[in-house]
Structure formats: structure tokens, C-alpha cells
Amino acid sequence: MDIIIKSFNRPYYLNRCLYSINKFVKNFEGEIYVLDDGTPQIYLDKIIQLFPNIILKKSEFYEQKQHNALNGICPNTYNIPINLWVNACKNASENFILIEDDTWFIDVLDIVAVEKEIIENKVVITKLFWLGNPKLNQNKGTVKKDNIVLLKPKLYTIIPALYYVIFYKFNRFKIRKILKFLSINTEEKRLAYYTIYAVAGMIFNKNYYSKLWHNHDNKVDEGLQLYNALKYYFKNYNNVQFARYNHEILRTGFISSATNQHKEDYDGKVDMFVFNKILNDAWLNDHIDVINSMPNDINPKEIITILDSNPQNRISSKDWLAWVESFKNYYLDIGCKID
């Protein structure tokens, strides 16, 4: 089973991600693919030195994004490397682990044992983490195996056309407002569909992952991917299963983001391209230890020291801490648990 890591301009997180794979993933005989979308080469050189076994693949947007990232510049537009992701997964093992650079393993995963259960039970996705949020694993019943828990999704409807009208794009005659008033379109009911889908942090069946991106039109649209997932489920209802690992074995970071796409939510005081440039350089020059705080997130005290000692003082530690709190609150508000 291969491992695929989506990476962009956070080598300090990618370092701990790869470290955790080496430490916790057992009986691993596949390949580790790092799909990079613009991490400057100077940082990638160190990553390759630390982890020479990885296979690095760069996106078609790499050169321009590398230039912006190296200089801490926020681009005017965001080009998403969907083709890189989909093609890499099409060429990967039949089942593969898909994670992002800001996630890391916290417990042992025996790949051989887990894949055996996945194949025997025709499982198309196996979640490795869900931030302690039961809304993302809503089910009508479970079947426990040695390593995984099979889930029978509890969804408001499995009919794709109804999902399209109630939860996705159809909004003529103010129907969406009416459905919310009638408590048909609720957040909890909408989140239930993440039982059969997630962006990353799971083991995917290759064919299922490919179907999720049908008609993507070079845009990341989670609503479309949920719709595609439901179409697959509806068509293969008696021949497909969904699962989670028996406990969460991945964690994700909350000290940064790869982009400024949600900058308006945080008063615009913290530019993530500037922040990541500062941390990237600190990591490159061994001024921050990204491993010693595991299994927890990177030690905020170290980051505060780096920000406060930055000669240009482009980001204050006070503003960064406020940004982190706002970022975490988004997940807390939908029922996630953050240590």
C-alpha cells in the first residue's frame, strides 16, 4: 500500500509527517509520494536529505508558487493541482493512504493487517482520524473487526437527486431557506455525508477516489465530491462499505494554514505566506524543533520566540495567537475536539 502526501510550503510540518510514518507505519513496503505544489527547492533539498526514500512529484504550478513562497508573497489567484492529485492516485496501489503535510501518525498502523480487512469487506474508505467528532461518522450500526470498524452510514437520503436539491446546488424558489426552516437541511444532516467522504486522512480505494473527482472542472468543490460519493454509494449500495480505524491514529496541526483563503475571518492581520516563510527559515536553520512536542502540535512557545525575535517583526505573536484561536474555533463550532 502506497502513501500519498499533499504538500505545499510547510516543510516544517512535512518533516514531522514523514518522521511519524517511519516511526508508526509497520510492514510498509509501498512507496511514499510527496505531491508538492510549490515548496521552495531549498527546503525540499533538506527534506530529501532527511528522507531519501520519498518520491517527489511537482505540480504544473510549481515554479511560480515556489517563487511566491520563497519571498513570502501571497498570490493573486489560487491554482489547485487537481491533475497532480488525481493522476498520482490513479497510478498508486489499489488502496492507498492519503494525508496532508500537516498531519502525523500518533500510533501504530499495521498496513498488511488493515489492508486484509479492507479487501475482505470491500471497504472504499477507512478514516484514520475525525477530530473526535461523531457528526462525521454518523451511522445506523457498526461492525467491529480487529483493526477497523465498519459503518452503515446514517444519511437523510441516499438518492443523489434529492441530495442535490436539499444539500447541494439547487436553490430555486428559495427552497434552501424553506428546507432549513423545516429542519430538513440542517448542519448535522449535511455533516453526516462526511461519513462517506473526506479530503484526506484516510485509506482510499483507488477507483472510489477517482470517482470523487468526476466533472471537477479544475475546481475544488466539496459539495460536488460529496455528491459524487453519494452517486457511487447509491449505485453500489450492496457491494460497498465504509469504515474508520478502531481509534484515531492521526492528528492535524492548527498553528498555520497553507494559504490565506480564509484571511477575512481573522481580521487580515496574519499573512500565512509571511508566517510560513518565517517558520520555514527557522526550520531550515535548525532554530525550531518540530519533533520533540509530538504527539502534540508544534510547541507554541517556540513559535512565539521566533516571531518576537524576527527583526522585521512582520507578524506579532499576539496576532498569531488570535489567529490560532479563531482557526480552532471553526472546528470546535462544528463539534470537533482539539487538544
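Check the entry above for the structure.
First things first, this report covers the structure right here in the doc.

Reading the values: rules and limits
- As a convention, each chain's residues are numbered from 1 in the sequence order in which they are written.
- A pLDDT threshold of at least 70 governs which residues receive local features in this predicted model, and a stricter bar of 80 or more applies before side-chain atom pairs are shown or counted, although totals over entire chains, interfaces and linings include all residues.
- With hydrogens and water stripped out, all remaining heavy atoms of the structure feed into the side-chain values.
- Each helix corresponds to a stretch of at least 4 residues labelled H or I by DSSP, and each strand to a stretch of at least 2 residues labelled E; elements are numbered beginning at the N terminus.
- Should any heavy atoms of two residues lie within 4.5 Å, those residues are considered in contact.
- Two N or O atoms count as a polar contact when they lie within 3.5 Å, although within protein this holds only if one can serve as hydrogen donor and the other as acceptor, and sequence-adjacent residues are included solely when both atoms are side-chain atoms.
- What makes two strands pair is DSSP finding at least two bridges between them.
- Between N-to-C directions, angles span 0 to 180 degrees; the directions come from axes that are lines fitted to C-alpha atoms, helices contributing only their stretch in contact.

**Considerations on the environment of Q225**
Counting through the fold element by element, Q225 comes out in helix α10 (residues 222-235). In this structure, the C-alpha to C-alpha distance between Q225 and N215, residues 10 residues apart in sequence, is 9.4 Å. Excluding residues within four positions of it along the chain, Q225 makes contact with Y197, L212 and W213. Reaching out from Q225, the side chain makes a polar contact with the side chain of Y197 at a distance of 2.7 Å.

**Topic: the sheet that holds strand β4 (residues 55-58)**
Across the sheet, 9 strands lie side by side as β4-β3-β1-β5-β11-β8-β12-β10-β9; this open sheet has mixed pairing. The open sheet has two free edges, formed respectively by β4 and β9 (139-144), since each of these has just one partner strand. The mean inter-strand angle of the sheet, taken between neighbouring strand axes irrespective of direction, is 25°. Pairing of β9 with strand β10 (residues 148-153) involves 5 bridges; the strand directions are antiparallel. By the bridge assignment for β10, K144 is matched with V149. Those strands touched by helix α1 (residues 11-24) are β1 (2-7), β3 (32-36) and β5 (95-100), and its axis lies near 170° from that of β1. Across the sheet, helix α4 (residues 82-90) touches β1, β3, β4 and β5, and the angle it forms with β3 is around 165°.

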